[in-house]
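As a plain string of letters, each chain reads:
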Amino acid sequence: MKFPVQTSPHVEARSNVADMMTVVLWALVPGTVAAIWLLGWGVLFNVALAIGAAWLTEALMLWLRARPFQPALSDRSVLITGWILALCLPNLAPWWLPVVGAVFAVVVAKQLYGGIGYNLFNPAMVGYVVLLVSFPEAMTRWGAPIEGGAASLTLIEAAQWTFFGMLPGTTGFDALSQATPLDQWRMVATQGGDVTGAGLSIWQGGGWSIWLNLAFLAGGAWMFYRGAIRWHIPVAMVAGVLLTAALLWGIDPDRFADPLFHLVTGGVIFGALFVATDPVTASTTPRGRLVFGFGIGVLAVLIRSFGNYPDGVAFAILLMNLAVPLIDYYTQPPVFGRKHRVGSDTEGR
Amino acid sequence: MSDPRLSELALDGLWKNNPALVQVLGLCPLLAISNTTVNAIGLAIATLVTLLVSNGVVSLIRDWVRAEVRLPVYVMVIASVVTIIELIMNAHFHELYNTLGIFIPLIVTNCIIIARAEGFASRHGFGVSMFDGLMMGLGFGLVLVVLGGMRELIGFGTLLDGADQLFGPIAIDWGVRILPEQMTFLLALMPPGAFIGLALLVAFKQAIDQRSARRARAAQAARSPEPAAEAVG
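Here is what the cut-offs are and how they apply
Residues numbered from 1 in each chain as written. Chains lettered and ligands numbered in written order. Predicted model: local features only at pLDDT ≥ 70, side-chain atom pairs only at ≥ 80, totals over all residues. Domains from an automatic or database assignment. Helix = DSSP H or I, 4+ residues; strand = E, 2+ residues; numbered from the N terminus. Nonpolar A, V, L, I, M, F, W, Y, C, P; charged D, E, K, R; others polar. Expected span 1.5 Å × (residues − 1). Buried ≥ 20, exposed ≤ 12 C-beta atoms within 10 Å, placed from the backbone. Contact = placed C-beta atoms within 7 Å. Axes fitted to C-alpha atoms, helices over the stretch in contact; angles between N-to-C directions. Parallel < 35°, antiparallel > 145°, perpendicular 65-115°, else oblique. Left-handed = near helix turned anticlockwise from the far one by under 90°. pLDDT = per-residue confidence, 0-100. Core = buried A, V, L, I, M, F, W, Y, C linked by C-beta atoms within 7 Å.

**Description of the domain arrangement of chain A**
All names here are of chain A.
Link 1 in the chain: For chain A, the domain assignment lists domain 1 (17–178) and domain 2 (179–330).
Link 2 in the chain: Only helix H1 (17–39), helix H3 (77–88) and helix H5 (123–134) provide two or more residues apiece to the side of domain 1 that touches domain 2.
Link 3 in the chain: Among the elements that line the side of domain 1 that touches domain 2, the one with the most residues is H1, at 12 residues.
Link 4 in the chain: Residue composition of the side of domain 1 that touches domain 2, by class: 24 nonpolar, six polar and one charged.

So this is what it looks like as structure tokens:
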């Protein structure tokens, strides 16, 4: 191993939490714009409500815990928690859904564990899973993508629906809502139907999810370029998804969806880039990151295929969060100058 | 060993050494059965009676049991008591018996009961042991009922729903709906809700204790300022 030595003057690199979070915030913009474009104004309300609720809750919790407001309130991490949670929520959600999720995420998953840097689980995913298991009806209020020819709401109409549950004149809720691709696949698969025959390919009317994922990828590329994330976790997670899905698909193509379908539906790309890479709750060693990401990918496909809920990315991330201390323990890189890993049996002999 | 005062025993069981909030024993039934108030009351009464009777019996036989075999003997005593209670519940509160299911026979394995038998009843007289069982059972039962009430209120929006299972036809409309159905939070009924609810109760008890300790210190400081100031410094 070579360490090239530079002479002074050195370029000073300032790196702090707030700067890194700013990179992530900018990276979330293209995906959010695409989601508003493709899925309607409801996404915008979700984001605004979740961010507002998360920030206010953080301030309240800091006050209750008698902790200083700075830098916790200005490091923007709580904004990202709210924003990521909001992007997971259905686009026709009532106003209280993002609020309840954000409050739970900040109070229970972040502040009760001790605030930023101490949380064991990704707060946004905890908030999402709590909403998913607690409000099953509200969490299925997915509106059809605008591109798919569904009736779209104007900004005012969307606001009326979000805050008062009112729909314009003749439009019924059923005209707006539509099962997500994962829901559709699940319905066909659980009823013993033929998945391939049901037209469940992403190439048929599912093009919007590809655009959405491309927008998220653009944000991910920006984060990678600015050094906010490394390649290990996203690549390993996508590999885990593709391999597991290919294996299942190879065994029984009538029952299981193809790997590409798994890749572009639900939260795989978004989760791989924005959620699994959370510096606090992810593994911190290079090999550990690969194991962590791969585990999420495998679990996500298994939960989708055999579990009770259509998407499994959030559950998979929380489960692997739980395994992070163990992964980190077994993947410690050797200390420079030593042959053996720290913590291995041969140490100290 | 001299018998402790009854007021001390009561304070221990109900607050200072509460089986659920301080000893944190018997978590399995505490978390699993506290999803409605009626279930919680049913299990609380069953546990209370078990504690009362087993403490009494263990206290009576304590001089005849050899130390080497005392634990198996106590477990047999407790198992017999639980079997009697199980049969009574099956006969008289059949629906509740079906709802509680495995958790009635599992009272045998509730650590509080063997802990009180071994830790208290095997060393103290009959009356005191019965009183200890009563207070420990009340302490456990009250936490169970409060937790059950919290979870039913938040999860179902009701209180005492289905009370007729326990109290007979007279209680058929004791159940009240407090929150409308749209405002319920299903998480409270699930296992995480039980853990979070119990954690909140434990935290609440700690907060009260710390507050009263602070007040006591302040009162002491007011009475005799100098030594207290030393202690703080």
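Next comes the rest of the write-up.
**Considerations on H3 of chain A**
Residue and element names in this part refer to chain A.
Link 1 in the chain: Helix length check: H3, at 12 residues, gives a terminal C-alpha distance of 17 Å against a target of 16 Å (1.5 Å per residue), a fit within 8%.
Link 2 in the chain: Three or more residues of H3 are buried, namely Ser77, Val78, Leu79, Ile80, Thr81, Gly82, Trp83, Ile84, Leu85, Ala86, Leu87 and Cys88.
Link 3 in the chain: Looking at the buried side of H3, the elements it contacts are H1, helix H2 (42–64), helix H4 (96–111), H5 and helix H12 (268–275).

**Side note on the packing of helix H9 (residues 207–225) of chain A against H12 of chain A**
Residues and elements named next belong to chain A.
Link 1 in the chain: Running from amino to carboxyl end, H9 crosses H12 at an angle of 15°, the nearest separation of the two axes being 9 Å. In terms of axis orientation, H9 runs roughly parallel to H12. The element H9 and its partner H12 pack so that their crossing is left-handed. Residues Asn213, Phe216, Leu217, Gly219 and Gly220 of H9 form the contact with H12, whose participating residues are Ile269, Phe270 and Leu273.

**Some remarks on helix H9 (residues 191–223) of chain B**
Residues and elements named next belong to chain B.
Link 1 in the chain: Given a rise of 1.5 Å per residue, 33 residues ought to cover 48 Å, and the 48 Å separating the end C-alpha atoms of H9 matches this to within 8%.
Link 2 in the chain: Regarding H9, the residues found buried are Gly193, Ala194, Gly197 and Leu198.
Link 3 in the chain: Buried residues along H9 sit in contact with helix H2 (27–32) and helix H7 (126–155).

**Brief notes about the packing of helix H10 (residues 232–251) of chain A against H12 of chain A**
Residues and elements named next belong to chain A.
Link 1 in the chain: In the contact formed by H10 and H12, the axes pass within 8 Å of each other and the chain directions differ by 155°. Comparing their axes, H12 and H10 come out roughly antiparallel. In this structure, the crossing between H10 and H12 has a hand that is right-handed. Contact residues: Ile233, Pro234, Met237, Val238 and Val241 in H10; Val268, Ala272 and Leu273 in H12.
Link 2 in the chain: Grouping the amino acids of the contact of H10 with H12 by side-chain chemistry returns eight nonpolar, no polar and no charged.

**Structural notes on the environment of Leu43 of chain B**
All names here are of chain B.
Link 1 in the chain: Its place among the elements puts Leu43 in helix H3 (residues 37–61).
Link 2 in the chain: Distance from Leu43 to Val82, taken between C-alpha atoms, is 12 Å for residues 39 residues apart in sequence.
Link 3 in the chain: Other than its neighbours up to four places away in sequence, Leu43 contacts Pro29, Ile33, Leu100, Phe103 and Leu144.

**Digging into the confidence of the model for chain A**
Link 1 in the chain: With 85% of its residues at a pLDDT of at least 70, chain A reaches an overall mean of 83.
Link 2 in the chain: Across residues 345–349 of chain A, where pLDDT falls below 50, the model places three contacts with residues more than four positions away in sequence or in other chains.

**Some details on the nonpolar core**
Link 1 in the chain: Formed by 101 residues in total, the largest nonpolar core has its most connected members in Ala50, Trp83, Leu85, Met125 and Ile317 of chain A.
Link 2 in the chain: When residues of this core are assigned to domains, at least three fall in each of domain 1 (17–178) and domain 2 (179–330) of chain A.
Link 3 in the chain: Once you skip the residues sitting within four places of it in the chain, Ile317 of chain A turns out to touch Asn122, Met125, Gly271, Val275, Ala276 and Ile296 of chain A.
Link 4 in the chain: Among the nonpolar cores identified, the runner-up in size contains 46 residues, and Ala44, Leu48, Val81 and Ala117 of chain B belong to it.

**Regarding unusual backbone geometry**
With glycine set apart, most residues show a phi of negative sign, and most peptide bonds adopt trans.
All names here are of chain A.
Link 1 in the chain: One non-glycine residue with positive phi stands out, namely Ala66, at about 55°.
Link 2 in the chain: One can find Ala66 in the loop between H2 and H3.
Link 3 in the chain: Residue classification places Ala66 among the exposed residues on the basis of 6 C-beta atoms within 10 Å.
Link 4 in the chain: The backbone of Arg76 shows a phi angle near 70°, a positive value even though the residue is not glycine.
Link 5 in the chain: Assignment of secondary structure puts Arg76 in the loop between H2 and H3.
Link 6 in the chain: The class of Arg76 is buried, set by 20 C-beta atoms lying within 10 Å.

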